[in-house]
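Observations on the three-dimensional arrangement
Below, each chain spelled out in residue letters.
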Amino acid sequence: EMACRLRVGGTGFEVEAGRTRREIYMRCVCMCVCVYVCSTQKMNLFQAVSSAMDNTLANDPTAVIFGEDVAFGGVFRCTVGLRDKYGKDRVFNTPLCEQGIVGFGIGIAATGATAIAEIQFADYIFPAFDQIVNEAAKYRYRSGNMFDCGRLTIRAPWGCVGHGSLYHSQSPEAYFAHTSGLKVVVPRGPVQAKGLLLSCIKDNNPCIFFEPKILYRAAVEQVPVDSYYIPLSQAEVLQEGSDVTLVAWGTQVHVLKEVANMAQEKLGVSCEIIDLKTILPWDSDTVCKSVVKTGRLLISHEAPVTGGFAAEISSTVQEECFLNLEAPIARVCGYDTPFPHIFEPFYIPDKWKCLEAVKKMLNY
Amino acid sequence: MLCFFTMQGPVLQQQPFNTPEEKPQFPGASADFVERLEFIQPNVISGIPIYRVMDRQGQILNPAEDPKIPREEVLNFYQKMTLLNTMDRILYESQRQGRISFYMTNYGEEGTHMGSAAALEPTDLVFGQYREAGVLMYRGFPLDLFMAQCYANADDLGKGRQMPVHYGCKDLNFVTISSPLATQLPQAAGAAYALKRENNNRAVICYFGEGAASEGDAHAGFNFAATLECPIIFFCRNNGYAISTPTSEQYRGDGIAARGPGYGIMSIRVDGNDVFAVYNATREARRRAVAENQPFLIEAMTYRIGHHSTSDDSSAYRSVDEVNYWDKQDHPISRLRHYMVSRGWWDEDQERAWRKQSRQHVMEAFERAERRLKPSPDNLFSDVYDENPPLLKKQEQDLFQHIRQYKEHYPLDLYEK
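Everything numeric here is computed off the predicted structure, so don't read it as measured data.

**Observations concerning the overall build of chain B**
A count of helices and strands for chain B gives 13 helices and 8 strands. For chain B, the C-alpha radius of gyration of 24 Å lies close to 22 Å, the compact-globule estimate for 417 residues. Projecting the C-alpha coordinates of chain B onto the three principal axes gives extents of approximately 90 × 60 × 45 Å. Buried positions account for 52% of the 417 residues belonging to chain B. A total of about 19900 Å² of accessible surface is found on chain B, and carbon and sulfur atoms cover 51% of it. Separation of charge centres in chain B, based on 45 positive and 55 negative side chains, amounts to 4 Å.

In structure tokens form, the structure reads like this:
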């Protein structure tokens, strides 16, 4: 059983998405993730992330992990025990300087060694924006493929957490989606997190891996102890449906699962849920194929609506699926305000707003 | 005398809590108490002294500091410096004639390039800013490839993607130049860290100007290199100007060398127009950086004789007299020539012959580069990722279909197929 508990916006509710062992097994075989062939362990999201890094440092002698406070275990416990296990030259603190952290990571990666750079909160990634966008993303192209920093992975806690306010809640994926050369990935739970993070680390392009901080402890699954890889740039249809396509990534996928249940119960409507997983390069084929079938699309993210990644998806889908659309594409997102503190319950794109958008599309 | 400066290292001596005498216990500094209120005055009247080996006439001042570089190698320095100078003149002119789009000369700074490059091992990794072509030339980058990059022709190792002078060469361990300033400093520190772990006797040198040293990335690079104990030489070319901005508007302290001790970095200021001083300092810094796993900061004082670039006319902000002084009275090439002549290693005839020969080599490479086609437009799309995703492949197809339809409006015959 996979159990996933969410507290959203301080109101507190629990969602349990129970699945049978067989369903999990079949899905995992299709995804080439062997949950039951290898041994698994109950892990929450930060433990899954830690496990991925443990596997990496064990198998790749060049791999190092660095950032603020990673030595003692990290402010979210993602690196607990790794310094003792692998040594202080491989898991180390840096000075408090994000542009330095990413620049330093680019340099390590440029020599061919594996660099895992932690930014303490995605909200603080902006001092490193120049290094990420002007340097990392362009390293291979501008050097005629003589140099690259494909061995670089940047990790950062991401998304709302109930009380994070302006600077502990941001979802900045849209800024980076605009920069080709990068890969941007957001997992929805522990099994996804480990498999996607390992794929990012293995991938020979600079990757940014955003970890939904609200799920660090709240999401618990049986996660394989050994390495496994979930492919990047492949969206996943979590639940098939015929009337509406719902697309999200990270925490919001679980909100959409709730919405799908409510839509079925209250409206008799069958929703198809897609976890996009990789924001850049994104899997437009899976989304378009779904919209061709359902004719209706809702995209939902916490990040502000204007210029958010839903805008890109919406634009592409209307280009590719114009004649299949039964209603305008709906975007249920954060407002164009900084992320507020006490007003979080009103700000976030909760299930009621999503359900209302579904209703509007059905009645268009 | 070659001598690096630093402050006392931060080794903290914690006193037991029950001693009668009060000693500071703060984790943040290893220092004594003082009862008199006094601000430390920054010393900018007489700053960190400038190490040099030769005087302006190329005479060795202290024989003990003469690196006694063999004749062949000294000739090599001289020929590389003058070849660079010749290539600069021709390529600057070619921009003026509209043959290449942009160029940056290295006039006056040739000594910083050759002296430092000669002091390194060929396997040491070089991160530059944009005015270090001599380092690449010293390592053997051929004229044809300098030209190919400036012309962005099909021979360019960079596949025609960047503006002129953004050189790079994997085989010569010279990381490709990028336009954003100082981004290379923290990268160089990271590379040095990785090389330290490889334990293969390799160092990193990172070049930057005194203007770039104002960027936040410079602070990041210094601090990371020091705290993470990286075998790196930070080499600052202080040439007096950042485009039009003189040093008096760039910083108020004692240049860049004085910042090193603030980070715990061994630091020195050298006469950048004295190729032997640059050589000695870089050689010693390299030896110790690798042996002791710590960064070194060398501030090479020099003067930018040329304009910032072909987009600049420096007569708008400095006098011709000032420029002429450096060109005539304190130039790395003439100082080295005086040294060579005084030893009987060089004369007027050799000078004439070499000038003619080097100009001929440059002109031949220039003509070859001019005739060469540009790289195929395929190269617009490749290498964005290691393998391009479907989205990019589709965009590429869209472009090529468009070009097929509107081919007379695109300069296709200038490019390879």
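**Focus on the overall build of chain A**
When helices and strands are counted, chain A shows 14 helices and 15 strands. Looking at chain A residue by residue over its 364 residues, the buried ones come to 62%. Look at the contacts in chain A between residues 6 or more apart in sequence, and 80% of them connect residues 24 or more apart. Put simply, chain A shows about 13900 Å² of open surface, and 52% of that area lies on carbon and sulfur atoms.

**As for the packing of helix α4 (residues 143-151) of chain B against helix α12 (residues 348-371) of chain B**
Residues and elements named next belong to chain B. The geometry of α4 relative to α12 is characterised by a closest axis approach of 9 Å and an angle of 40° between their N-to-C directions. Judged by the inter-axis angle, α4 sits oblique to α12. Here α4 and α12 pass one another in a crossing that is right-handed. For the pair formed by α4 and α12, the contact residues are Leu143, Asp144, Met147 and Tyr151 on the first element and His361, Val362, Ala365, Phe366, Arg368, Ala369 and Glu370 on the second. Here the residues of the contact of α4 with α12 are counted per class, giving 7 nonpolar, 1 polar and 3 charged.

**Re the interface of chain A and chain B**
Between chain A and chain B, the residue contacts involve 44 residues of the former and 44 residues of the latter. Carbon and sulfur atoms supply 61% of the area that chain A and chain B bury against each other, a total of about 3500 Å² over both sides. Across the contact surface, chain A and chain B share 1 salt bridge. The tally of links from chain A across to chain B stands at 18 residue pairs in polar contact (both at pLDDT 80 or more). Top element by residues in the side of chain A that touches chain B is helix α4 (residues 98-110) of chain A. It accounts for 8 residues. Residues belonging to the side of chain A that touches chain B are distributed by class as follows: 18 nonpolar, 17 polar and 9 charged.

**So, the environment of A:Ala263**
All names here are of chain A. With respect to the secondary-structure elements, Ala263 resides in helix α10 (residues 252-267). For the pair Ala263 and Val358, spaced 95 residues apart in the sequence, the C-alpha separation amounts to 7.9 Å. If sequence neighbours within four positions are ignored, Ala263 has contacts with Gly268, Val269, Cys271 and Leu355.

**Notes on a negative patch on the surface**
Residue and element names in this part refer to chain A. A surface patch of like charges, here negative, comprises Asp285, Glu312, Glu319 and Glu320. The greatest single-element share of the negative patch, amounting to 3 residues, is contributed by helix α12 (residues 309-320). Its place among the elements puts Glu320 in helix α12. The exposure class assigned to Glu320 is partly exposed, which follows from its relative accessible area of 47%.

**Re the nonpolar core**
Grouped together as the largest cluster of nonpolar side chains are 92 residues, with contacts concentrated most on A:Phe104, A:Phe210, A:Trp249, A:Leu276, A:Val287, A:Ile313 and B:Phe208. Broken down by element, this core gets its largest block of residues, 8 residues, from helix α5 (residues 184-198) of chain B. Listed in part, the 78 residues of the second largest apolar core include B:Val74, B:Cys169, B:Ile177 and B:Trp346.

**Considering the UniProt feature "domain: Transketolase-like pyrimidine-binding" (unreviewed entry) in chain A**
When the UniProt feature table is mapped to this numbering, "domain: Transketolase-like pyrimidine-binding" (unreviewed entry) covers residues 43-218 of chain A. Along residues 43-218 of chain A one finds 38% helix and 16% strand; the C-alpha atoms at either end are 10 Å apart.

**Some points on the confidence of the model for chain A**
Chain-level pLDDT for chain A is 92 on average; 90% of the residues reach the 70-or-more range. For residues 1-35 of chain A, every residue scores under 50 in pLDDT, and the model assigns this stretch 50 contacts once sequence neighbours within four places are set aside.

**Focus on α4(A)**
Residue and element names in this part refer to chain A. With 13 residues, α4 extends 18 Å from end C-alpha to end C-alpha; this agrees with the ideal 18 Å at 1.5 Å per step. The element α4 is extensively covered by neighbouring structure, given that 12 of its 13 residues are classed as buried. Phi turns positive, to about 100°, at Gly112, one or two residues after α4.

**With respect to the side chain of B:His331**
Residues and elements named next belong to chain B. If you trace the backbone, His331 turns up in the loop between α10 (320-329) and α11 (332-342). Judged by relative accessible area, which is 7%, His331 ranks as buried. Engagement of the side chain of His331 in a polar contact is seen with the backbone nitrogen of Ile333, the distance being 3.1 Å. If sequence neighbours within four positions are ignored, His331 has contacts with Gly108, Glu110, Ile305 and Trp326.

Rules used throughout
- Residues numbered from 1 in each chain as written.
- Chains lettered and ligands numbered in written order.
- Predicted model: local features only at pLDDT ≥ 70, side-chain atom pairs only at ≥ 80, totals over all residues.
- Heavy atoms only, no water.
- Helix = DSSP H or I, 4+ residues; strand = E, 2+ residues; numbered from the N terminus.
- Rg over C-alpha atoms; globule rule 2.2 N^0.38 Å.
- Buried < 20%, exposed > 50% of the residue type's maximum accessible area, 1.4 Å probe, protein only.
- Areas by Shrake-Rupley, 256 points an atom, 1.4 Å probe, with all protein chains shown as cover.
- Lys, Arg positive; Asp, Glu negative; His and termini not counted.
- Charge placed at Lys NZ, Arg CZ, Asp CG, Glu CD.
- Contact = heavy atoms within 4.5 Å.
- Axes fitted to C-alpha atoms, helices over the stretch in contact; angles between N-to-C directions.
- Parallel < 35°, antiparallel > 145°, perpendicular 65-115°, else oblique.
- Left-handed = near helix turned anticlockwise from the far one by under 90°.
- Nonpolar A, V, L, I, M, F, W, Y, C, P; charged D, E, K, R; others polar.
- Buried area = accessible area lost by both parts, 1.4 Å probe.
- Salt bridge = Lys/Arg side-chain N within 4 Å of Asp/Glu carboxyl O.
- Polar contact = N/O pair within 3.5 Å; in protein donor to acceptor, adjacent residues only side chain to side chain.
- Patch = residues over 30% accessible without salt bridge, like charges linked within 9 Å, V, L, I, M, F, W, Y side chains within 5 Å.
- Core = buried A, V, L, I, M, F, W, Y, C linked by side-chain atoms within 4.5 Å.
- UniProt positions renumbered as here; feature names shortened; annotations may be inferred.
- pLDDT = per-residue confidence, 0-100.
- Expected span 1.5 Å × (residues − 1).

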